[in-house]
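Single-letter residue listing:
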Amino acid sequence: MLNVGVLCAAGLALWIAAGAGTASDLAQAGSVSVKGARAAAWIEGAWTAFLALVVPLLLHRAASLRTPGEVAWTSVSSARGARGSFASVVGASLAVLALTAAWTGVVALGPSRSDTTLAFAGRATGPEHALFDDEHPLVWRSAVPAGEVLHARVEVSLGISAGGGGEVVFRARRIADDSSETAQTTHGTTHVLPRGGVDVEVQSGAGVVEFELALPEDGARGFLASDDVTLWRVASPDAPALRLAAHVALALLTWTALAFGLGAWMSPLLTLGTLAAVWCAIWWSDAASCTWLPGAGIAEELALVASGRAPSAPTIMNDIVAVSCVAIGCALSSRGAEGRP
């Protein structure tokens, strides 16, 4: 049987060939002149390589710590067996977290940005209808937190001419007393060709926010490609790298604990395949409903970092689920496939 390291290396090579293209494409990614874009590409590439090559080896090793068919128990006491499983899974978890911290340090040695960035702050409701044109702008109201200045973003797709795009104006107006006369309006403008995002600054203050999407060019038509409005707040330059590292650490803790427990019931490769199948299914589906699960949004978070923005910080629910997975891993391992007293 092929070594799992060889299989992971072959999988990484296939991923590079299918997604990144030729060696010239990889070299061009490192020659980007914009410092922020170069830093974003470095963070995404470093963590993607870690997830694609290093993490499977770690999970395979965790699943190999306790395999089915094990009969030489150190004790017939269920209490001692449980304590041994807990000590093993905690030791494995600390080891992978230490390696993740070390990799975070390696990422910090790469290109960095000196300007501030935007970090994910939540979502606001979008309009009921998505179609609009130059004569009929898209107007709707949403509840937006009032405590700080935020940035709102939507994805727009235009159809003006064959293969064409055009200008999009996105306005935001904070309405304190349901009257637009005294409200302050901000606007953002971008060129979409033929699809892209447009941002606008939302002022702090009380009241709902009235959004407006308009097309100033004659004959322009378009539709809102995003289901809702994403909200962003200003963050420090190192926020993308640190928040992504925190998400990876929690995900790896969860995967390691589950691999350790499932390894007592099935072979390491089958355990690795089972975990990969579950999380890949989550990544390829709508992960918005699984935000409580560590690692469910890794793909989206990598994409955010690649665009120069930062994901949201891990929530308390993510921490609770990760700790619960450690307990599940201990419970699975303490029994084993043949049952343990």
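Nothing here was measured: the structure is a model prediction, and the numbers come from that model.

The next point concerns helix 7 (residues 298-306). Among all positions in helix 7, only Ile-298, Glu-301, Leu-302, Leu-304 and Val-305 are buried. Looking straight down helix 7, one finds its buried side chains confined to an arc of 160°; they lie on one side. Those residues of helix 7 that are buried lie in contact with helix 3 (35-64), strand 10 (228-235), helix 5 (239-262) and helix 6 (268-284). Looking one or two residues past helix 7, Gly-308 carries a phi angle of roughly 90°, positive in sign.

For the rest of this paragraph, the subject is the packing of helix 3 against helix 6. Interaxial distance between helix 3 and helix 6 falls to 8 Å at its minimum, and their mutual angle equals 130°. Relative to helix 6, the element helix 3 is oriented oblique. Our pair here, helix 3 against helix 6, has a crossing hand that is right-handed. Residue-level contacts link Pro-56, Leu-59, His-60, Ala-63 and Ser-64 of helix 3 to Pro-268, Leu-269, Thr-271, Leu-272 and Leu-275 of helix 6.

Its 24 residues place the ends of helix 5 34 Å apart at the C-alpha level, agreeing with the 34 Å of an ideal helix rising 1.5 Å per residue. Counting buried residues in helix 5 gives 20 out of 24 residues, a clear majority hidden from the surface.

Turning our eyes to something else, we now look at the side chain of Thr-271. One can find Thr-271 in helix 6. Those residues in contact with Thr-271 that sit more than four places away from it in its chain are Ala-63, Ala-259, Leu-262, Gly-263 and Met-266.

This part covers the packing of helix 5 against helix 7. One way to put it is that helix 5 packs onto helix 7 with a least axis distance of 10 Å and a crossing angle of 170°. The orientation of helix 5 relative to helix 7 falls into the category roughly antiparallel. The handedness of the crossing between helix 5 and helix 7 comes out as left-handed. Of the residues in helix 7, those in contact with Pro-240, Leu-244, His-247 and Val-248 of helix 5 are Ile-298, Glu-301, Leu-302 and Val-305. Within the contact of helix 5 with helix 7, the residues separate by chemical class into six nonpolar, one polar and one charged.

Now for the environment of Gly-159. For Gly-159, the location among the structural elements is in the loop between strand 4 (150-158) and strand 5 (166-175). Placed 34 residues apart in sequence, Gly-159 and Leu-193 show a C-alpha to C-alpha distance of 9.1 Å.

Here the focus is the environment of Ala-92. Among the structural elements, Ala-92 can be located in helix 4 (residues 78-108). Separated by 30 residues in the primary sequence, Ala-92 and Ala-62 place their C-alpha atoms 6.7 Å from one another. Among residues more than four places away in sequence, those in contact with Ala-92 are Leu-65 and Thr-256.

The share of residues in the chain with pLDDT of 70 or more is 76%, and the mean pLDDT across the chain is 78. Confidence scores differ between elements of the chain, with helix 2 (residues 23-29) showing the lowest mean pLDDT of 56 and helix 5 the highest of 92. Ignoring residues within four places in sequence, the model shows residues 69-80, a span with pLDDT below 50, making ten contacts including any to other chains.

On to the nonpolar core. Counting 33 residues, the largest nonpolar core has Trp-47, Leu-59, Leu-252 and Trp-255 as the members making the most contacts within it. Counting only elements with at least two residues in this core, the list comes to helix 3, helix 4, helix 5, helix 6, helix 7 and helix 8 (316-335). Of the residues forming this core, the biggest block, ten residues, is contributed by helix 3. If near-sequence neighbours (up to four positions away) are discounted, Leu-252 is found in contact with Phe-50, Val-55, Leu-58, Leu-59, Val-96 and Thr-100. By size, the runner-up hydrophobic cluster in this structure holds 25 residues, among which are Ala-124, Leu-150, Leu-158 and Val-192.

A cluster of nonpolar side chains, contributed by Trp-292, Ile-316, Met-317 and Ile-320, occupies part of the molecular surface with about 440 Å² of accessible area. Along the polypeptide, Met-317 turns up in helix 8.

Criteria and thresholds
- Residues numbered from 1 in each chain as written.
- Predicted model: local features only at pLDDT ≥ 70, side-chain atom pairs only at ≥ 80, totals over all residues.
- Heavy atoms only, no water.
- Buried < 20%, exposed > 50% of the residue type's maximum accessible area, 1.4 Å probe, protein only.
- Helix = DSSP H or I, 4+ residues; strand = E, 2+ residues; numbered from the N terminus.
- Arc of directions from axis to C-beta.
- Contact = heavy atoms within 4.5 Å.
- Axes fitted to C-alpha atoms, helices over the stretch in contact; angles between N-to-C directions.
- Parallel < 35°, antiparallel > 145°, perpendicular 65-115°, else oblique.
- Left-handed = near helix turned anticlockwise from the far one by under 90°.
- Expected span 1.5 Å × (residues − 1).
- Nonpolar A, V, L, I, M, F, W, Y, C, P; charged D, E, K, R; others polar.
- pLDDT = per-residue confidence, 0-100.
- Core = buried A, V, L, I, M, F, W, Y, C linked by side-chain atoms within 4.5 Å.
- Patch = residues over 30% accessible without salt bridge, like charges linked within 9 Å, V, L, I, M, F, W, Y side chains within 5 Å.
- Areas by Shrake-Rupley, 256 points an atom, 1.4 Å probe, with all protein chains shown as cover.
- Salt bridge = Lys/Arg side-chain N within 4 Å of Asp/Glu carboxyl O.

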